[in-house]
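Commentary on secondary and tertiary structure
Chain by chain, the residues:
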Amino acid sequence: MKHCMMIPSVLGKLLLEEEDGKIVRLLFERDTPANVEQSDTPTLRKAAQELSEYFAGNRKEFDIPLNPKGTDFQKSVWNALCTIPYGKTMSYGQVAAQIGNPKASRAVGMANNKNPIPILIPCHRVIGANGKLVGYGGGIWIKQKLLELEQK
């Protein structure tokens, strides 16, 4: 059974979805359905607390259990993203090389775009080979804000 909770953040409202004690999705306000029935579960409260600590600059890693839905390839990319340290970035090509498929930078970009749990799976830490901020499902301004937060 899915449970949802809206939480405030410096990026606007975020919708967290939990299923079987694991976070399965995080949506930015613009992507949130109009009528969401909200729940209050220990997992959602813990995720909300960890995100609040992250936005306050007091958390660099998340401990909340995640269960993103996707293909095996997407999951391999998302697992690699979770190894990018706080405040650091990697290029799409570097992530492709890390998962053992150095020619798959475009596919890595597509997997990034399909990441159902942004921020907690830090796809904002992936940048273009030229160092520029390219593509982010929540909007480039959110990617920039998250990277700036991590540089403080």
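Preceding this section is the structure that the text describes.
Residues numbered from 1 in each chain as written. Predicted model: local features only at pLDDT ≥ 70, side-chain atom pairs only at ≥ 80, totals over all residues. Heavy atoms only, no water.

**Some details on the packing of aromatic side chains**
Note on aromatic pairs: each is described by the distance of the centres and the angle between the planes. By the definition in use, this model includes three aromatic pairs. Both rings, one in Tyr-54 and one in Phe-55, keep their centres 5.4 Å apart while their planes meet at 65 degrees; by these two values the pair is edge-to-face. Relative to Tyr-86, the ring of Tyr-54 has its centre 6.2 Å away and its plane inclined at 90 degrees; by these criteria the two rings are edge-to-face. Of this pair, Tyr-54 sits in helix H1 (residues 42–55) while Tyr-86 is found in the loop between helix H2 (72–81) and strand E4 (90–91), placing the two residues 32 residues apart along the sequence. You'll find Tyr-54 and Tyr-86 in the same group, each marked buried. Here a set of aromatic residues connected by ring pairs shows up, and it is made of Tyr-54, Phe-55, Phe-62 and Tyr-86. (Phe/Tyr/Trp six-rings, centres within 6.5 Å; stacked < 30°, edge-to-face > 60°. Helix = DSSP H or I, 4+ residues; strand = E, 2+ residues; numbered from the N terminus. Buried < 20%, exposed > 50% of the residue type's maximum accessible area, 1.4 Å probe, protein only.)

**Focus on the sheet that holds strand E3 (residues 22–28)**
Pairing in this open sheet of three strands is antiparallel, and the strands run E1-E2-E3 from one edge to the other. Each of the sheet's edge strands pairs with one partner strand only, and the pair in question is strand E1 (2–7) and E3. Averaged over all neighbouring strand pairs, the angle between strand axes comes to 20 degrees, with direction disregarded. Pairing geometry for E1 and strand E2 (residues 14–19), over six bridges, is antiparallel. Pairing of Met-5 across the sheet is with Leu-16, part of E2. (Pairing = 2+ DSSP bridges. Axes fitted to C-alpha atoms, helices over the stretch in contact; angles between N-to-C directions.)

**With respect to the environment of Ala-80**
With respect to the helices, strands and loops of the structure, Ala-80 is situated in helix H2. For the pair formed by Ala-80 and Ile-127, sequence separation is 47 residues and the distance between their alpha carbons is 14 Å. With sequence-adjacent residues up to four places away left out, Ala-80 is seen in contact with Val-95, Gln-98 and Ile-99. (Contact = heavy atoms within 4.5 Å.)

**As for the pairing of E3**
Extensive coverage of E3 is indicated by the burial of five of its seven residues. Of the pairings in the sheet, the one linking E2 to E3 comprises six bridges and is antiparallel in character. Among the inter-strand pairings, Leu-16 is bridged to a residue of E3, identified as Leu-26. What sits between the antiparallel neighbours E2 and E3 is a turn of two residues, in which Asp-20 has the positive phi angle 55 degrees.

**Describing the pattern of salt bridges**
Between side chains of opposite charge, pairing is possible as soon as their charged atoms come close. For the structure on display, the rule yields eight salt bridges. Glu-19 serves as the salt-bridge partner of Lys-69, at 3.6 Å between the closest nitrogen and oxygen. On the criterion of sequence distance, the pair formed by Lys-69 in the loop between H1 and H2 and Glu-19 in strand E2 is long-range, its members being 50 residues apart. Given a relative accessible area of 47%, Lys-69 falls into the partly exposed group. In this structure, Arg-125 and Glu-150 form a salt bridge, with 2.9 Å as the shortest nitrogen-oxygen distance. With a gap of 25 residues between them, Arg-125 in the loop between helix H4 (105–113) and strand E5 (126–127) and Glu-150 in helix H5 (residues 140–151) connect regions that are remote in the sequence. The pair Arg-125 / Glu-150 is uniform in exposure class, with both members buried. Each of Lys-2, Glu-17 and Arg-25 takes part in salt bridges that share partners, so that together they form one network. (Salt bridge = Lys/Arg side-chain N within 4 Å of Asp/Glu carboxyl O.)

None of the figures reported here should be taken as evidence of function without further support.
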